[in-house]
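Here is what each chain is made of, one letter per residue.
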Amino acid sequence: MSRTAAPVDAIRKPPGAHDEEARLRELGYQPVLARRMGGFGNFAISFSVISVLSGCMTLYGFGMGTGGPAVMLWGWAGVGLFVLCVGLALAEVTSAYPTSGALYYMADRLGGRRWGWYTGWLNLLGLLGAIAGIDYGAALFTGAFLNLQWGFEPTAGSTFLIFLAILLLHAVLNLFGVRLVSVLNSVSVWWHLAGVALIVGALAFVPDRHQSVGFVFTEFVNDTGWANPFYVAAIGLLLAQYTFSGYDASAHLSEETSNASVTAAKGIVRAIWVSWIAGFALLAGLSFAIQDYAATQAGATGVPPAQILLDALGSGAATALLLVVIVAQIFCGNAEVAAASRMVFAFSRDNALPGSALWRKVSTRTQTPVPAVWLAVAVAALLAVPSLYSATAYGAVTAINVIGITPAYAIPIYLRLRAGDRFVPGPWSLGRWSKPIGWTAVVWVAFVTVLFCLPQKSPVTVDTMNYAVIALAVVLVLASVWWYVARRSYGTPTAYGTAREEAEIAEGIV
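Residues numbered from 1 in each chain as written. Predicted model: local features only at pLDDT ≥ 70, side-chain atom pairs only at ≥ 80, totals over all residues. Heavy atoms only, no water.

Student: So what exactly am I meant to see when it comes to the packing of aromatic side chains here?
Tutor: Working definition: an aromatic ring pair is given by the centre-to-centre distance plus the angle between the planes. Applying the stated criterion across every chain, the model contains 29 aromatic pairs. Taking 4.6 Å as the distance between ring centres and 5° as the angle between the ring planes, the aromatic pair formed by Phe82 and Trp444 counts as stacked. Linking Phe82 in helix H5 (residues 68-96) with Trp444 in helix H21 (residues 434-451), this pair joins segments that are 362 residues apart in sequence. For Phe82, a relative accessible area of 32% gives the class partly exposed. Ring geometry for Trp191 versus Phe331: centroids 6.3 Å apart, planes at 65°, classification edge-to-face. Residue Trp191 is found in helix H9 (residues 178-205), and its partner Phe331 is found in helix H17 (residues 315-349); the two are separated by 140 residues along the sequence. Take Phe331: its relative accessible area is 13%, and that puts it in the buried class. Taken together through their ring pairs, the aromatic side chains of Tyr104, Trp117, Trp121, Phe347, Trp483 and Tyr490 make up a single cluster. (Phe/Tyr/Trp six-rings, centres within 6.5 Å; stacked < 30°, edge-to-face > 60°. Helix = DSSP H or I, 4+ residues; strand = E, 2+ residues; numbered from the N terminus. Buried < 20%, exposed > 50% of the residue type's maximum accessible area, 1.4 Å probe, protein only.)

Student: In this structure, what is going on with empty space enclosed by the protein? I would like to understand it.
Tutor: Gaps between atoms show up when a probe of the same size as a water molecule is rolled over them. Following the criterion strictly, the structure yields 1 cavity of 30 Å³ or more and no others. Looking at the largest cavity, its volume works out to about 90 Å³. When residues of the lining of the largest cavity are traced back to their parent elements, those giving at least two are helix H2 (39-50), helix H3 (52-58), helix H7 (113-150), helix H12 (238-243), H17 and helix H20 (393-419). Grouping the amino acids of the lining of the largest cavity by side-chain chemistry returns 7 nonpolar, 7 polar and 1 charged. (1 Å grid on protein atoms, 1.4 Å probe; cavity = no way out; pocket = protein on both sides within 12 Å on 5 of 7 lines; lining within 4 Å. Points joined across faces, edges and corners; volume = space filled by probe spheres on them. Nonpolar A, V, L, I, M, F, W, Y, C, P; charged D, E, K, R; others polar.)

Student: How should a nonpolar patch on the surface be read in this particular structure?
Tutor: A contiguous nonpolar patch, built from Val460, Met465, Val469, Ile470, Val474 and Leu478 and spanning about 460 Å² of accessible area, is present on the exposed surface. Inspection of the secondary structure puts Met465 in the loop between H21 and helix H22 (468-486). (Patch = residues over 30% accessible without salt bridge, like charges linked within 9 Å, V, L, I, M, F, W, Y side chains within 5 Å. Areas by Shrake-Rupley, 256 points an atom, 1.4 Å probe, with all protein chains shown as cover. Salt bridge = Lys/Arg side-chain N within 4 Å of Asp/Glu carboxyl O.)

Student: Got a minute to help me understand helix H6 (residues 103-111) in this structure?
Tutor: One full turn of an α-helix is made of 3.6 residues, so residues set three or four places apart face in the same direction. Within H6, 9 of the 9 residues are buried, which leaves it mostly tucked inside the rest of the structure. Residues of H6 that are buried include every one of Leu103, Tyr104, Tyr105, Met106, Ala107, Asp108, Arg109, Leu110 and Gly111, and no others. Taken from the residues just after H6, Gly112 is the one with a positive phi, measuring 115°.

Student: So what exactly am I meant to see when it comes to the pattern of salt bridges here?
Tutor: Oppositely charged side chains may form a pair once their charged atoms are brought near each other. On inspection of all chains with the given rule, the structure shows 5 salt bridges. Of the charged contacts in the structure, one is a salt bridge between Glu92 and Arg416, with a shortest N-O distance of 3.1 Å. Taken together, the residues span a long stretch of sequence, with Glu92 in helix H5 and Arg416 in helix H20 at a distance of 324 residues. Across this residue pair, the class does not change: Glu92 and Arg416 are buried. One salt bridge in this structure joins Arg342 and Glu256, with 3.0 Å as the shortest N-O distance. One end of the pair, Arg342, is in helix H17; the other, Glu256, is in the loop between helix H13 (249-252) and helix H14 (260-288), and 86 residues separate them in sequence. Comparing Arg342 with Glu256, the two get one shared label, buried.

Read these as geometric descriptors, not functional statements.
What follows is the structure, given as structure tokens:
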């Protein structure tokens, strides 16, 4: 049923702990996905998507030129704190609305159809951009690995072919069902933690020379062309903010998670703080081990962390550790495909996408949204096509991910704050901390959304322009145009609603 304002179940008390299938029916959906994921698996998918071995390693070269070690380390610490506030606030709303639609469903229920519609499109843009960014990063590292191992010289074309192969692998893995996805994510957690410990340990004990503490925490490097150091430092936060994204995966997999009203909320928060600690250790370990800053930036591998490993540890150890990073990135991309495909499935279930009848189909054998998986990887492949023509395209893809998904996090949080006492929390709640943490999250997201629309290089040319703002504008325009086509069919279902309550909603009383 379509609505024009917040529905009645936003002010009703959700059930106790906890029949999740009954709760899902109360939220308007018939369960069709297999609830085979436990609490650790739910945490693992967000932790795998955040993936410090993907984000930190892939964007380390970007950070070297936009503020250097000082901005990378202090930026990670500061951004992580604010992202934790976003995660805490989002977890509270997730506990009340544990559905695959996640962010857009929350916004729809708390603010009305248009809020849900635009949140969904932003979330979808971010998730698909994340697949492209993660898997293209894995392709870059694979090229560096091949360069170290066999002297292979990566080109834009060969990197793109590796990227397509990784996408295909992720599509196939996701077709086997959520149980395999859950197992792979659980392995991914330990692989990431062990990988970070191995890399940091090797970089701490093997090299004869390390940078000083002063260098690591105060050295500022500006290769952007901009003169203002504060502007450069702000742009440098992209490394941390890009890495700290994708934790909504726990919410998107909530219809496949046991006791999701609690475990999905906990999964979001745990994924952030564990990543916060692991990422700081990784960035510090890499920065202390830099042997020659300029040579690291201009290394033959084209991937500065690979050059750091090579200079500090030698080719054999560097090759082995690079393989550890690549496997972690593959785990990360696989988890992101799972999250994005569930978003495609849920959005199509509510008739928001062109061809929704196809994308919402679920395999009767695996209870997996097979067409949604293929659509997710296909769009991710298209998003990375500009990398064939522009060296800065990968940066644009990562920015698209951030600019799409980050605002989508704040919208349900803002609407929850606006609802005040009308919002009844689920089993997992922040209590009296809800408002201060929520407003901190909203202000932070507003800041970084503006920040990451700004140009990152000077002078601004076709090659150096920040295309994220264009991508954002295109998606919002397309979403607006499609709204007038699909607004009659789009709408989340309503399980409650008497005639009187519906009249009050229409009049804006509720």
